[in-house]
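Secondary and tertiary structure notes
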Amino acid sequence: KDGDFEKPAQAANTSQLSVTSAAPATDASVEPKLLATIQDNTYFRNGEKDAWLEFLKIVKERDLGRTESAAVDYVQLVDQPSVYRGKFVTVRGTARQITQEKPAANNLSIQSYYRVVVQPADGTNWPFIVYCLELPPHVAAGDNLSINVDVTGLFFKKLSYKWQNGLGIAPVIV
């Protein structure tokens, strides 16, 4: 289900997950020309590929576990994407789905990453979509999950995705 978000009636897997993309500062210093290629309220576009790969590179090269970030909620990222784009943010919620995916061809030696659908802790029905390079050893990909998460990463964009009879918007965090 690409981008679909459903609150499961009964969680099949209950665990704890902490996914951290760390940096010593809130601003990741992404080049402004790359940030300018990112468009909100759209699917992932080919024109965003260089920015996407730069975000992955920054996350891959950072010392995990050491970051300064802004704690944000769904509404802040949706209402003020330009304020948070390219900066480290922390969100809390419940991971409902984790899938392993293959990225576009890259020179970063990244063969796969994980897409985590997170229901915000504030009860918002609309999800965060988190992309991370690895999962903790005790966590596996799956559907109908109920894993409490604190996620720190770089805010990328507001992603538009097909949902029921229309479109949904999900903040994307790398």
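Residues numbered from 1 in each chain as written. Predicted model: local features only at pLDDT ≥ 70, side-chain atom pairs only at ≥ 80, totals over all residues. Heavy atoms only, no water.

1. Brief notes about the nonpolar core
Counting residues in hydrophobic clusters, the biggest one holds 25 residues, and the most contacted among them are W52, F55, L56, L154, F156, V172 and V174. Taken together, the elements giving at least two residues each to this core come down to α2 (49-61), β4 (113-120), β5 (128-132), β6 (145-163) and β7 (166-173). Not counting residues up to four positions away in its chain, the partners in contact with F55 are V30, L35, I38, G86, L154, F155, F156 and V174. With 23 residues, the next largest nonpolar core counts Y74, V118, L145 and F155 among its residues. (Core = buried A, V, L, I, M, F, W, Y, C linked by side-chain atoms within 4.5 Å. Buried < 20%, exposed > 50% of the residue type's maximum accessible area, 1.4 Å probe, protein only. Helix = DSSP H or I, 4+ residues; strand = E, 2+ residues; numbered from the N terminus. Contact = heavy atoms within 4.5 Å.)

2. Describing the layout of surface pockets
Gaps left between atoms show up when a probe the size of a water molecule is rolled over them. The volume enclosed by the second largest pocket comes to roughly 240 Å³. Split into classes, the residues belonging to the lining of the second largest pocket amount to 7 nonpolar, 1 polar and 5 charged. (1 Å grid on protein atoms, 1.4 Å probe; cavity = no way out; pocket = protein on both sides within 12 Å on 5 of 7 lines; lining within 4 Å. Points joined across faces, edges and corners; volume = space filled by probe spheres on them. Nonpolar A, V, L, I, M, F, W, Y, C, P; charged D, E, K, R; others polar.)

3. Some thoughts on the pattern of salt bridges
Counted by the stated rule, this structure contains 5 salt bridges. When the shortest N-O distance is used, the salt bridge between R45 and E48 registers 3.4 Å. A residue is classified by how much of its surface remains accessible, and E48, at 2% relative accessible area, is buried. Ionic pairing is found between E48 and K157, a salt bridge with its closest N-O pair at 2.9 Å. A residue pair is termed long-range when its members are at least 10 positions apart, and E48 in the loop between α1 (32-35) and α2 and K157 in strand β6 qualify at 109 residues. Each of R45, E48 and K157 takes part in a single network of salt bridges with overlapping partners. (Salt bridge = Lys/Arg side-chain N within 4 Å of Asp/Glu carboxyl O.)

4. Notes on the pairing of β7
Here β5 pairs with β7 via 2 bridges, running parallel. Along β7, the bridge assignment pairs I129 with V172. Sheet topology note: the β6/β7 ladder contains 8 bridges and is antiparallel. Looking at the pairing, W163 lines up with G166 of β7. Counted along the chain from β6 to the antiparallel partner β7, the turn is 2 residues long, and its residue Q164 has a positive phi close to 45°. (Pairing = 2+ DSSP bridges.)

5. Thoughts on the pairing of β6
The buried fraction of β6 amounts to 15 of the 19 residues, a majority that puts the element mostly inside the structure. Of the strand pairs in this sheet, strand β3 (residues 88-101) and β6 are connected by 8 bridges, and their pairing is antiparallel. When the bridges of β6 are listed, T90 appears paired with T152.

6. Thoughts on the confidence of the model for the chain
With 83% of its residues at a pLDDT of 70 or more, the chain has an overall mean of 85. When the criterion is pLDDT under 50, residues 1-25 qualifies, and its contacts beyond four places in sequence or with other chains add up to 82 contacts. (pLDDT = per-residue confidence, 0-100.)

7. With respect to the environment of A104
When you line up the elements, A104 lands in the loop between β3 and β4. On the basis of relative accessibility, which here comes to 41%, the residue A104 falls in the partly exposed class.

8. Some remarks on the packing of aromatic side chains
Applying the stated criterion to the full structure yields 10 aromatic pairs. Ring centres of F55 and F156 lie 5.0 Å apart, and the angle between their planes is 90°; this geometry places the pair in the edge-to-face category. With F55 in helix α2 and F156 in strand β6, this pair connects stretches of sequence that are 101 residues apart. Each member of the pair, F55 as well as F156, carries the same accessibility label: buried. Members of the aromatic cluster, joined through ring pairs, are F44, W52, F55, Y113, Y131 and F156. (Phe/Tyr/Trp six-rings, centres within 6.5 Å; stacked < 30°, edge-to-face > 60°.)

9. Focus on the environment of Y131
Residue placement: Y131 occurs in strand β5. Each C-alpha atom, one on Y131 and one on I98, is 9.5 Å from the other, the two residues being 33 residues apart in sequence. Excluding its chain neighbours within four sequence positions, the residues that come into contact with Y131 are F44, W52, E101, Y113, Y114, R115, V172, I173 and V174.

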